[in-house]
Structures are given as structure tokens and as C-alpha cells.
Amino acid sequence: RCVYQAKGERNYHIFYQLCAGAGSLTAGQQSTLQLKPASQFHFLNQGGPDALTISGVDDQADWAEVVKALATIGVTGGELDEL
């Protein structure tokens, strides 16, 4: 699953969430991670354009939930950079 997705299949959802939530990151984080839309990453776009989004799923909101959950368990901004 990490290296190839069949048509209509997604890779790990966290990567799509990170790309969608890039606007919530600092400029430094965006630069370091070299984020761009998921469609521009071969690792994420092999399932085809229909797999980049899922009906009823908001990757940007899900990314915000992940960041909030990590903060809740004490993960700091610096530690988040290291993940």
C-alpha cells in the first residue's frame, strides 16, 4: 500500500490530511516539508483523481483534529515538526 495504490484507492490518509491542512502550518513548516497539493505527489496520486478526495471526508478538518489531539497529549509544535 505504501508504494502503489490501485485505481480509486488512497494511500495513508494522514498524508492527504497534511497536504489539505498545509495552510494551518507556519511558513517555516511549509517550506521544510515542501508541501503542495496531494495531486502533485506521485506517492499520493496513483489511485487517480477520484481517490484524492472522499465524499463526506474533510481532510483539512481531520488534520486540525490530529493537531489538536497531539496537543492534548502534550506534543509541542517543535515535536510536531519532528514527526
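For clarity, every value in this text was computed on a predicted model and none was experimentally measured.

Rules and cut-offs
- Residues numbered from 1 in each chain as written.
- Predicted model: local features only at pLDDT ≥ 70, side-chain atom pairs only at ≥ 80, totals over all residues.
- Heavy atoms only, no water.
- Helix = DSSP H or I, 4+ residues; strand = E, 2+ residues; numbered from the N terminus.
- Buried < 20%, exposed > 50% of the residue type's maximum accessible area, 1.4 Å probe, protein only.
- Contact = heavy atoms within 4.5 Å.
- Areas by Shrake-Rupley, 256 points an atom, 1.4 Å probe, with all protein chains shown as cover.
- Lys, Arg positive; Asp, Glu negative; His and termini not counted.
- Charge placed at Lys NZ, Arg CZ, Asp CG, Glu CD.
- Core = buried A, V, L, I, M, F, W, Y, C linked by side-chain atoms within 4.5 Å.
- Phe/Tyr/Trp six-rings, centres within 6.5 Å; stacked < 30°, edge-to-face > 60°.
- Lys NZ or Arg CZ within 6 Å of the ring centre and 35° of its normal.
- Expected span 1.5 Å × (residues − 1).
- Polar contact = N/O pair within 3.5 Å; in protein donor to acceptor, adjacent residues only side chain to side chain.
- pLDDT = per-residue confidence, 0-100.

Enquirer: Go over the overall build of the protein chain, please, and point to the residues and values.
Expert: A tally of helices and strands in the protein chain yields five helices and zero strands. Start at the N end of the protein chain and walk to the C end: the helices and strands fall as α-α-α-α-α. For the protein chain, the proportion of its 83 residues judged to be buried stands at 27%. Taking as baseline every contact in the protein chain between residues at least 6 positions apart, the subset at least 24 positions apart corresponds to 56%. Per element, the accessible surface of the protein chain, about 5600 Å² overall, is 57% carbon and sulfur. Between the averaged position of the 5 positive side-chain charges in the protein chain and that of its 9 negative side-chain charges there is a distance of 8 Å.

Enquirer: Pulling in residues and values, what's your account of the nonpolar core?
Expert: Burial of nonpolar side chains together is a common tendency in soluble globular proteins. With five residues, the main nonpolar core is built from Tyr16, Cys19, Ala38, Leu44 and Leu52. Setting aside residues no more than four positions away along its own chain, Cys19 makes contact with Lys36, Pro37, Ala38, Phe41 and Leu44.

Enquirer: Could you give an account of the packing of aromatic side chains, with specific residues and numbers?
Expert: Under the counting rule described, the total for this entry stands at one aromatic pair. Ring geometry for Phe15 against Phe43: centres 5.4 Å apart, planes inclined by 80 degrees, an arrangement best described as edge-to-face. On the criterion of sequence distance, the pair formed by Phe15 in helix α1 (residues 13-20) and Phe43 in helix α3 (residues 42-45) is long-range, its members being 28 residues apart. The partly exposed category is assigned to Phe43, whose relative accessible area is 33%. A cation sits over an aromatic face here: Arg10 above Tyr16, 4.1 Å from the ring centre. In this structure, Lys36 packs its charged tip against the face of Phe41, placed 5.0 Å from the ring centre.

Enquirer: Just give me the short version of unusual backbone geometry, but keep the residues and values in it.
Expert: For Gln34, which is not glycine, the phi torsion reads 50 degrees and is therefore positive. Relative to the assigned elements, Gln34 resides in the loop between α2 (27-33) and α3. Residue classification places Gln34 among the exposed residues on the basis of a relative accessible area of 59%.

Enquirer: Outline helix α4 (residues 59-72), supporting the account with residue identities and numerical values.
Expert: With 14 residues, α4 ought to run about 20 Å at 1.5 Å a step, and its terminal C-alpha atoms sit 20 Å apart, in line with that. Elements in contact with the buried residues of α4: α1 and α5 (77-82). Where α4 begins, the capping side chain belongs to Asp58, and its oxygen is found 3.1 Å from the backbone nitrogen of Gln60. In the stretch just after α4, Gly74 is the one whose phi turns positive, near 95 degrees.

Enquirer: Any details on the confidence of the model for the protein chain? Residues and values, ideally.
Expert: Here the protein chain shows a mean pLDDT of 89. Residues at 70 or above account for 98%. Taking the mean pLDDT of every element in the protein chain, the minimum, 81, falls on α5 and the maximum, 95, on α4.

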